[in-house]
Amino acid sequence: MTRYGFETRMIHAGSEPEPVTGARQTPIFQNTSYVFHDADDAAALFNLQSFGFIYSRLTNPTVAALEERLASLEGGRGATCAASGHAAQLLAFFPFMEKGDRFVASNRLYGGSITQFSKTFAKFGWEVDFVDTGDLDAVRAAIGPATKALFAESLANPGGVVSDLEALARVAKDAGILFIVDNTMATPALCRPIEWGADLVVHSTTKFISGNGTSMGGAVIDSGTFDWAQNDRYGGLTGPEPAYHGLSFYESIGEMAFTAHYHAVGLRDLGATMAPMNAFLTLLGLETLSLRMERHCDNAATVAAFLAAHPAVAWVSFAGSDRSPFKPLADRYFGGRYGSVFTFGLKGGYAAGMALVESCTLLSHLANIGDTRSLILHPASTTHRQLTDAQRIAAGAGPEVVRISVGLETVKDILADLDQALTRAGQAAQAAE
Ligand SMILES: *Cc1c(COP(=O)(O)O)cnc(C)c1O
């Protein structure tokens, strides 16, 4: 498949005609378990001496088709899907993190990731150090002997912040640690972090990849090029695995070690498996990814320009705007497109933000992004509610901030809805004074 172009792989990677029936579209293997050829076959599968289907908590043919397609589109060696983006993130760290281990993460992440990393991961004894990843010296200073990875979003949700992927990859490589990139907002249609030096790419496929707001899902794509044996930090993959008779995944399976561990240990023991139906819907979404991303980005650029000129709007944080400090990085990494999720600030503050989301009629007020439909949200009162004021401001989610995910509707209809809602938001802010 690698000789084919991106659009061809969006449609064909991982999806051969089904050999028994000739069914052309990938079937939904709504199936928990698979008959072994014989007892030796079963033993080899359980010993990880051969790969095949045993039980759908570990692997399923529909999910495997999606994994192969995602690996192809991101330019990775292997991929693993999980029940949600958050499940994929947890499972991404699981193969190499031990109690007391640390990782460095950008302080400008999706709010749910900040909470997951700082609160829930702490229960496993995994500690996070948040830094401004725009400051490479701060990143270097935060990496200590127990640090296993550096984590950033290619395009951060929601602030329109773009990571300098190549520079961050260099810092991680020099320190001998993994560089993990959440590529949910950019998608491989705009950016392939592995090409810039990322070792692992994580996704919430819930968003643009499935694209229609139907299916929760997540994925981790492994570049297959990280040297797990370069230092003594990654015993989870290089050392003997007690649950597999002392097998060393890296020694035995090489560049597929991480992906094999993720299925054989992570999914087996944490159980956060993607459902076959969700894999099927996500495969359908991927078939049109680049077409949708083009329209999403074009509509978003039009909406951003409209908002920037609107008297009720204080500022717009869109990476494609000439005033954005992130435009040069976006041009470099996303090839002249800027995503369709961004934030803007209302002159009327918190009251105006609440009134705006309530006054929209075409735009849906809900907590998701990357749907065909245009979506709007006031992060301070919803997704970023659990954070402290300082964390909210660092994450670009202060009281006056509104997040928009621009959909695929006729753009003049989106503008008209925003215009009437902004008028009402202005009135609400005046009444609140
Ligand atoms: C939504 C999202 C997640 C979490 O994914 P879920 O599928 O909701 O679990 C992680 N990172 C980013 C950037 C997201 O937008």
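Residues numbered from 1 in each chain as written. Predicted model: local features only at pLDDT ≥ 70, side-chain atom pairs only at ≥ 80, totals over all residues. Heavy atoms only, no water.

Here we look at the packing of helix α4 (residues 85-93) against helix α5 (residues 111-120)
Two elements in contact, α4 and α5, have axes whose closest approach is 11 Å; the angle formed by their N-to-C orientations is 40 degrees. Relative to α5, the element α4 lies oblique. For α4 against α5, the interelement crossing comes out right-handed. Here α4 contributes His86, Gln89, Leu90 and Phe93 to the contact with α5, which in turn contributes Gly112, Ser113, Gln116 and Phe117. In the contact of α4 with α5, the residues fall into three nonpolar, five polar and no charged. (Axes fitted to C-alpha atoms, helices over the stretch in contact; angles between N-to-C directions. Helix = DSSP H or I, 4+ residues; strand = E, 2+ residues; numbered from the N terminus. Parallel < 35°, antiparallel > 145°, perpendicular 65-115°, else oblique. Left-handed = near helix turned anticlockwise from the far one by under 90°. Contact = heavy atoms within 4.5 Å. Nonpolar A, V, L, I, M, F, W, Y, C, P; charged D, E, K, R; others polar.)

A closer look at the nonpolar core
Phe93, Phe96, Phe103, Phe179, Phe249, Phe342 and Phe344 are the most contacted members of the largest nonpolar core, which has 123 residues in total. If near-sequence neighbours (up to four positions away) are discounted, Phe96 is found in contact with Asp101, Lys148, Ala149, Leu178, Ile180, Leu200, Trp228, Arg233, Tyr234 and Phe258. (Core = buried A, V, L, I, M, F, W, Y, C linked by side-chain atoms within 4.5 Å. Buried < 20%, exposed > 50% of the residue type's maximum accessible area, 1.4 Å probe, protein only.)

Focus on the sheet that holds strand β3 (residues 127-131)
The sheet built from seven strands is open, its strands ordered β1-β7-β6-β5-β4-β2-β3 with mixed pairing. The open sheet terminates on both sides in strands that have one partner only, identified here as β1 (78-82) and β3. The average angle at which neighbouring strand axes cross in this sheet is 20 degrees, direction not considered. Sheet contacts for helix α3 (residues 61-74): β1, β6 (200-204) and β7 (218-222); angle to β1, the most-contacted strand, approximately 130 degrees. Lying on the sheet, α4 is in contact with β1, β2 (102-106), β4 (147-153), β5 (178-182), β6 and β7; it crosses β6 at an angle near 160 degrees. (Pairing = 2+ DSSP bridges.)

Re the site of the ligand
Residues in close proximity to the ligand total 16 residues, the closest being Gly85, Asp182, Ser204, Thr206 and Lys207. Note that an oxygen atom of the ligand is positioned 2.8 Å from one of the backbone N or O atoms of His86. In this structure, Asp182 approaches the ligand through a side-chain N or O atom, which is 2.7 Å from a nitrogen atom. Contact with the protein chains removes 94% of the 380 Å² of surface that the ligand exposes when unbound. Top contributing element to the shell around the ligand by residue count: α4, with three residues. Here the residues of the shell around the ligand are counted per class, giving three nonpolar, ten polar and three charged. (Near = heavy atom within 4 Å. Polar contact = N/O pair within 3.5 Å; in protein donor to acceptor, adjacent residues only side chain to side chain. Areas by Shrake-Rupley, 256 points an atom, 1.4 Å probe, with all protein chains shown as cover.)

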